[in-house]
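Summary of structural features
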Amino acid sequence: LAKTTQPISMDSYEGQEVNITCSHNNIATNDYITWYQQFPSQGPRFIIQGYKTKVTNEVASLFIPADRKSSTLSLPRVSLSDTAVYYCLVARGSQGNLIFGKGTKLSVKP
Amino acid sequence: EAQVTQNPRYLITVTGKKLTVTCSQNMNHEYMSWYRQDPGLGLRQIYYSMNVEVTDKGDVPEGYKVSRKEKRNFPLILESPSPNQTSLYFCASSEQGAREKLFFGSGTQLSVL
């Protein structure tokens, strides 16, 4: 089972681009990389998932290098409402035991 | 509306008094799981269920029980709660073959005195 390592916290200012990197050196061939966002007093919610190269949706972009040993969640032009904890999960669809990392607490300042 | 519903939202109890936290999903998901969240430790999986009548231990199962008699329900049982089980608990569900794409409930804040 792949374990992940993320920075504990990050600070940013409104309007900046934020990149959060997750390391997953023992990722398996069939594993996907999934990111979740968690606001205070709420459950985590899925924001983006990828397998390789780049994925983009209305919320974020996910960059995955060729060796897949890391991934970077990119949040363009953050606002105060992007203040949250972001979790990286590396797992495959058939997997039952899901191991989340400790998450990255992003604080966006005005 | 597709959702995972947990009850209660807040619970204060005393050591040793059995309690159950309920979890229900309306998306016909086969996979359901429970997590606890503690400061600095992130989300840790307690138990999971691949389908009805199939449950298995996660990373921190000690002191907890679960059952999966129906597809939509996955209650978490603490037979004899202790103060170290004070935590924020989340239930989640997902589809077969895409278990990593989880839908989470709103959480249950449990305090054991």
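Below: a short report on this structure. (Residues numbered from 1 in each chain as written. Chains lettered and ligands numbered in written order. Predicted model: local features only at pLDDT ≥ 70, side-chain atom pairs only at ≥ 80, totals over all residues. Heavy atoms only, no water.)

**A few points about the overall build of chain A**
Looking only at helices and strands, one finds zero helices and nine strands in chain A. Secondary structure of chain A in N-to-C order comes out as β-β-β-β-β-β-β-β-β. On C-alpha atoms alone, chain A measures out to a radius of gyration of 13 Å, which is about the 13 Å that the 2.2 N^0.38 rule sets for 110 residues. Considered along the principal axes of its C-alpha atoms, chain A spans approximately 40 × 30 × 20 Å. Counting over 110 residues, chain A shows a buried share of 48%. The long-range share in chain A, meaning contacts at least 24 apart out of those at least 6 apart in sequence, stands at 56%. For chain A, the separation between the mean place of its 11 positive charges and that of its 7 negative charges on side chains is 8 Å. (Helix = DSSP H or I, 4+ residues; strand = E, 2+ residues; numbered from the N terminus. Rg over C-alpha atoms; globule rule 2.2 N^0.38 Å. Buried < 20%, exposed > 50% of the residue type's maximum accessible area, 1.4 Å probe, protein only. Contact = heavy atoms within 4.5 Å. Lys, Arg positive; Asp, Glu negative; His and termini not counted. Charge placed at Lys NZ, Arg CZ, Asp CG, Glu CD.)

**Some words on unusual backbone geometry**
In this structure, B:P8 follows B:N7 across a cis peptide bond, with omega equal to -5°. On the secondary structure map, B:P8 appears in the loop between β1 (4–7) and β2 (10–13). You will see that A:S41, though not glycine, has its phi angle at about 65°, which is positive. Its location among the elements puts A:S41 in the loop between β3 (32–38) and β4 (45–50). According to the relative accessible area criterion, A:S41 is exposed, its value standing at 60%. Of note in this structure, A:T53 is not a glycine but carries a positive phi near 60°.

**With respect to the interface of chain B and chain A**
Interface size is commonly expressed as the accessible area that is lost once the parts come together. Every contact between the two is made by 23 residues of chain B and, on the other side, 24 residues of chain A. For the pairing of chain B and chain A, the buried interface totals around 1,800 Å² over both sides, and the portion due to carbon and sulfur atoms is 51%. Run the count over chain B and chain A and you get ten residue pairs in polar contact (both at pLDDT 80 or more). When residues of the side of chain B that touches chain A are traced back to their parent elements, those giving at least two are β4 (31–38) and β5 (42–51) of chain B. (Buried area = accessible area lost by both parts, 1.4 Å probe. Polar contact = N/O pair within 3.5 Å; in protein donor to acceptor, adjacent residues only side chain to side chain.)

**Side note on the state of the cysteines**
Residues and elements named next belong to chain B. For the coordinates displayed, the defined rule picks out two disulfides over all chains. In this model, C23 is linked to C91 through a disulfide, with the two sulfur atoms separated by 1.8 Å. Judged by the torsion about the S-S bond (-75°), the C23/C91 disulfide is left-handed. Of this pair, C23 sits in strand β3 (residues 19–25) while C91 sits in strand β9 (residues 87–94); the two residues are 68 residues apart in sequence, bridging distant segments of the chain. Each member of the pair, C23 as well as C91, is classed as buried. (Disulfide = S-S within 2.5 Å.)

**Topic: the sheet that holds strand β8 (residues 84–91) of chain A**
Residue and element names in this part refer to chain A. Read across the sheet, five strands follow the order β1-β9-β8-β3-β4 without closing on themselves; strand pairing throughout is mixed. Each having just a single partner strand, β1 (9–13) and β4 make up the two edges of the open sheet. Neighbouring strand axes in the sheet, compared pairwise and without regard to direction, differ in orientation by 25° on average. Pairing of β1 with strand β9 (residues 104–109), which is carried by five bridges, proceeds in the parallel orientation. Of the residues in β9, the one forming a bridge with D11 is S107. (Pairing = 2+ DSSP bridges. Axes fitted to C-alpha atoms, helices over the stretch in contact; angles between N-to-C directions.)

**Quick notes on the side chain of A:T34**
In this fold, A:T34 is placed in strand β3. For A:T34, a relative accessible area of 0% puts it in the buried group. At 3.0 Å, the side chain of A:T34 and the side chain of A:Q49 are in polar contact. Every residue in contact with A:T34, bar those within four places of it in the chain, is listed here: A:F46, A:I48, A:Q49, A:Y87, A:C88, A:L89 and B:E100.

Read these as layout, nothing more, since geometry by itself doesn't imply function.
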